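Residue strings, one per chain:
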Amino acid sequence: MLLDTYLWTKVVHVVAFTAWMAGLFYLPRLYVYHTQQAPGSDTARTFQVMERKLLRIIMNPAMIVTLATGGILIWQIDGLLFGWMHAKLLLVGVLLAFHMLLARWRREFAAEANRHSERFYRVVNEVPTVLLILIVILAILKPF
Ligand code: HEM
C-alpha cells in the first residue's frame, strides 16, 4: 500500500486541487474588498501585493500540479474511456477559464483599471463552489 505510486499520485492530486480551490475561492473575495478602496491608496496597493502573491505563489503552482497529477492518473486508468471523466474534464476546462479571467482582472486592478463592481465579484465568487461540487461528485461517484 505505502509504495503504491497510483495512490501517492492521487494523494498529491487531492492536496493540489485543494490548494488551487482555496485560491479560486479567496481571490474573488479579495476583489470584492479591493473595489471598496480608492485607486492608488495604500490599502489598494496592499491588495495588489496580496492578489499577485496568491496567484503566482499558490494558485498557479497548485493548478499545474493538479493538471499534471490528473494527467498521470488518467493515463494509469485509461480514464478517457469513461463518461464521468469526459464530463469532469469539461468542468475542469471551465475552472481553468475562470482562473485565466481572475488573472486578467488582477492585471486590471494592478493597472488601477478595474472595470467591474463589488456586486459583480460577489456573484462570480459562487462559480468555483458550484464547479467543485459537480467535479467531486463526478470523481467519487463516477455516475456514468
Ligand atoms: C485535468 C484535470 C484533472 C484530471 C485529468 C483528473 C483526473 C483524475 C483521475 C484519473 C482520478 C482517479 C480516479 C480514481 O482513481 O478513482 C482523479 C481523482 C480525483 N480527482 Fe481529479 N482530475 C483533474 C482535476 C481535478 C480537479 C480540478 C478536482 C477538484 C476540483 C479533482 C478532483 C478529484 C477527486 C476528488 C478525486 C478522487 C476520486 C476517488 O478517489 O474516488 N480532479 N482525478
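Refer to the structure presented above.
What you are looking at is a predicted structure, and each value in this text was computed from that prediction instead of being measured.

Asks: Describe the overall build of the chain, with residues and values.
Replies: Counting its secondary structure elements, the chain contains five helices and zero strands. Secondary structure of the chain in N-to-C order comes out as α-α-α-α-α. Its C-alpha atoms give the chain principal-axis dimensions of about 55 × 30 × 20 Å. In the chain, which comprises 144 residues, the share counted as buried stands at 35%. Taking contacts inside the chain between residues at least 6 apart in sequence as the whole, the part at least 24 apart equals 78%. Accessible surface computed for the chain: about 8,400 Å², of which carbon and sulfur atoms make up 72%. With 14 positive and 8 negative side-chain charges, the chain shows a spacing of 2 Å between the two charge centroids.

Asks: Can you break down the packing of aromatic side chains residue by residue, with the values?
Replies: In the structure shown here, the tally under the stated rule is seven aromatic pairs. Taking 5.2 Å as the distance between ring centres and 80 degrees as the angle between the ring planes, the aromatic pair formed by Phe120 and Tyr121 counts as edge-to-face. For Phe120, a relative accessible area of 27% gives the class partly exposed. Note on Tyr121: relative accessible area 0%, which makes it buried. Connected via pairs of aromatic rings, a cluster forms that spans Tyr31, Trp105, Phe109, Phe120 and Tyr121. Across from the ring centre of Trp84, 5.0 Å away, lies the NZ or CZ of Lys142, which sits over that ring.

Asks: Kindly report on the coordination of the iron atom of the ligand, identifying the contributing residues and their values.
Replies: Looking at the iron atom of the ligand, the protein donor atoms are His13 (NE2) and Lys88 (NZ), and they sit 1.8 to 2.1 Å from it. If you look at the iron atom of the ligand, its six donor atoms make angles of 83 to 178 degrees with each other, and the shape they trace is octahedral. In this pair, His13 is assigned in helix α1 (residues 5–34) and Lys88 in helix α3 (residues 83–110), connecting sequence segments 75 residues apart. Here His13 falls in the buried class, since its relative accessible area comes to 11%. Given a relative accessible area of 13%, Lys88 falls into the buried group.

Asks: Describe the site of the ligand, and please don't skip the residues or the numbers.
Replies: With respect to spatial proximity, 24 residues lie near the ligand, and among them Tyr6, Lys10, His13, Lys88 and Lys142 are the closest. Side-chain polar atom of Tyr6 to an oxygen atom of the ligand: 2.4 Å apart, as the coordinates give it. Those elements giving two or more residues to the shell around the ligand turn out to be α1, α2 (42–76), α3 and α5 (127–141). By residue class, the composition of the shell around the ligand is 17 nonpolar, four polar and three charged.

What counts and what doesn't
Within any chain, residue numbers begin from 1 and follow the written order of that chain's sequence. Totals for whole chains, interfaces and linings use all residues, but because this is a predicted model, local features are given only for residues with pLDDT of at least 70 and pairs of side-chain atoms are given and counted only at 80 or more. For side-chain calculations, the full set of non-hydrogen atoms in the structure is used, while hydrogens and water are omitted. A run of H or I in DSSP counts as a helix once it spans at least four residues, and a run of E counts as a strand once it spans at least two, with each numbered from the N terminus. Each residue is assigned to one of three classes by its accessible area relative to the maximum for its type, calculated with a 1.4 Å probe on protein chains only: buried under 20%, partly exposed between the two thresholds, exposed over 50%. Working rule for contacts: check all heavy atoms of both residues, and any pair within 4.5 Å makes them a contact. Per-residue and other accessible areas were derived by the Shrake-Rupley procedure at a 1.4 Å probe size, with only the shown protein chains allowed to occlude residues. When charges are tallied, Lys and Arg are placed among the positive residues and Asp and Glu among the negative ones, while His and the ends of the chain are skipped. Where a charge lies is defined by one atom per residue type: Lys uses NZ, Arg uses CZ, Asp uses CG and Glu uses CD. Two rings from Phe, Tyr or Trp (for Trp, the six-membered ring) form a pair when their centres are within 6.5 Å of each other. A pair whose planes differ by under 30 degrees is stacked, one over 60 is edge-to-face, and the rest are tilted. In our convention, an over-ring charge means Lys NZ or Arg CZ found within 6 Å of a ring centre and within 35 degrees of that ring's normal. Counted as coordinating are nitrogen, oxygen and sulfur atoms within 2.8 Å of the metal, or 3.2 Å for Na, K and Ca, while water is not included, which may make sites look incomplete. A site with four donors is called tetrahedral when every donor-metal-donor angle falls between 85 and 135 degrees; four donors are called square planar, and six octahedral, when opposite donors sit more than 155 degrees apart and all other angles fall between 65 and 115; any other arrangement is irregular. Nearness here has a simple test: a residue counts as near a molecule or strand if at least one of its heavy atoms is within 4 Å of that partner. Polar contacts, as used here, are pairs of N or O atoms within 3.5 Å; protein pairs need one atom able to donate a hydrogen and one able to accept it. Residues neighboring in sequence count only if both atoms are side-chain atoms. By the convention adopted, Pro, Cys, Tyr, Trp, Phe, Met, Ile, Leu, Val and Ala count as nonpolar, Lys, Arg, Asp and Glu as charged, and the other residues, Gly among them, as polar.

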